[in-house]
Amino acid sequence: MGIDARTYRDAMARLGAAVNVVTTGTLEDQAGFTASAVCSVTDAPPTLLVCVNRASRIRPRFREGAAMCINVLSAAQQEISGIFASAREQHERFAFGHWATLTTGAPVLEEAVTSFDCRIERIVEVGTHSVMFGAVESLRNGDSHGGLIYFNRTYHILPPSGEA
């Protein structure tokens, strides 16, 4: 007896996750999307994974060896999450926020809580999604703002460190 997709998605909605904007390319030819399916794999060597729908328009922009940056959004950046999740063209998305680069050249959101600048080491196709493994080449911690979490199909705000 299998579990139907709807039941599974409803259960997964109860697994809270940080909200991120994942980027690739360069400042001149950038691409990015909103993702909550991001997770640490190991700290030696520092590696993250990101899942993206294989049918997504943006999926072809991400390939093995390419630059990728995971920008963790703050409580004040819910609007940016919505913009990068929308059908807007890529150049329109990057009109919001301030963008720079670190080691790989991928766009880094200057206002992010944390940015993990990676090189995509491997992509594994699993069902409807591509799982991208990113080796962290550099990172930048931003100001200590509250976090933005997606839980039960809505955004929730976490207080900054030290606040209850």
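Residues numbered from 1 in each chain as written. Predicted model: local features only at pLDDT ≥ 70, side-chain atom pairs only at ≥ 80, totals over all residues. Heavy atoms only, no water.

Q: Mind laying out the UniProt feature "domain: Flavin reductase like" (unreviewed entry) in the protein, listing which residues take part and the relevant values?
A: When the UniProt feature table is mapped onto this chain, "domain: Flavin reductase like" (unreviewed entry) is found at residues 12–157. The span residues 12–157 carries 9% helix and 49% strand; its end-to-end C-alpha distance comes to 19 Å. (UniProt positions renumbered as here; feature names shortened; annotations may be inferred. Helix = DSSP H or I, 4+ residues; strand = E, 2+ residues; numbered from the N terminus.)

Q: Residue-level account of the packing of aromatic side chains, with values.
A: Describing an aromatic ring pair means giving the distance of the ring centres and the angle of the ring planes. Summed over the entire model, instances satisfying the criterion amount to 5 aromatic pairs. Considering the side-chain rings of F84 and F94, the 5.0 Å spacing of their centres and the 85° angle between planes classify their relative orientation as edge-to-face. Of this pair, F84 sits in helix α2 (residues 78–85) while F94 sits in the loop between α3 (90–93) and β7 (99–100), and the two are 10 residues apart along the sequence. By relative accessible area, F94 is classed as buried at 7%. Ring centres 5.8 Å apart and planes at 50° place the aromatic pair F84 and W99 in the tilted group. Taken together, the positions of F84 in helix α2 and W99 in strand β7 put the pair 15 residues apart, joining distant regions of the chain. By way of ring pairs, the aromatic residues F84, F94 and W99 are connected into one cluster. (Phe/Tyr/Trp six-rings, centres within 6.5 Å; stacked < 30°, edge-to-face > 60°. Buried < 20%, exposed > 50% of the residue type's maximum accessible area, 1.4 Å probe, protein only.)

Q: Requested: an account of the layout of surface pockets, with residues and values cited.
A: When its volume is computed, the largest pocket comes out at roughly 1,200 Å³. Lining the largest pocket are 31 residues; nearest its centre among them are A35, S36, A37, C51 and H129. Listing elements by their share of the lining of the largest pocket, those giving two or more residues are α1 (5–12), β3 (30–35), β5 (46–53), α2 and α3. In terms of residue class, the lining of the largest pocket is made up of 16 nonpolar, 10 polar and 5 charged. (1 Å grid on protein atoms, 1.4 Å probe; cavity = no way out; pocket = protein on both sides within 12 Å on 5 of 7 lines; lining within 4 Å. Points joined across faces, edges and corners; volume = space filled by probe spheres on them. Nonpolar A, V, L, I, M, F, W, Y, C, P; charged D, E, K, R; others polar.)

Q: Residue-level account of the sheet that holds strand β1 (residues 17–18), with values.
A: Spatially, the 3 strands line up as an open sheet ordered β1-β11-β12, and their pairing is antiparallel. Each edge of the open sheet is held by one strand with a lone partner, namely β1 and β12 (154–157). In this structure, strand β11 (residues 148–151) lies alongside β12, joined through 4 bridges in antiparallel fashion. Across the sheet, Y150 pairs through a bridge with Y155, a residue of β12. (Pairing = 2+ DSSP bridges.)

Q: Lay out α2 in plain terms, naming residues and giving numbers.
A: Within α2 the residues assigned to the buried category are I80, S81, I83 and F84. Down the axis of α2, the buried set is contained in an arc of 165°. They therefore lie on one face. In α2, the exposed positions that point more than 90 degrees away from the buried face belong to E79 and A85. (Arc of directions from axis to C-beta.)

Q: Can you break down the environment of R14 residue by residue, with the values?
A: Structurally, R14 can be placed in the loop between α1 and β1. Here the alpha-carbon distance between R14 and A67, two residues 53 residues apart in the chain, equals 31 Å. Excluding residues within four positions of it along the chain, R14 makes contact with F151 and N152. (Contact = heavy atoms within 4.5 Å.)

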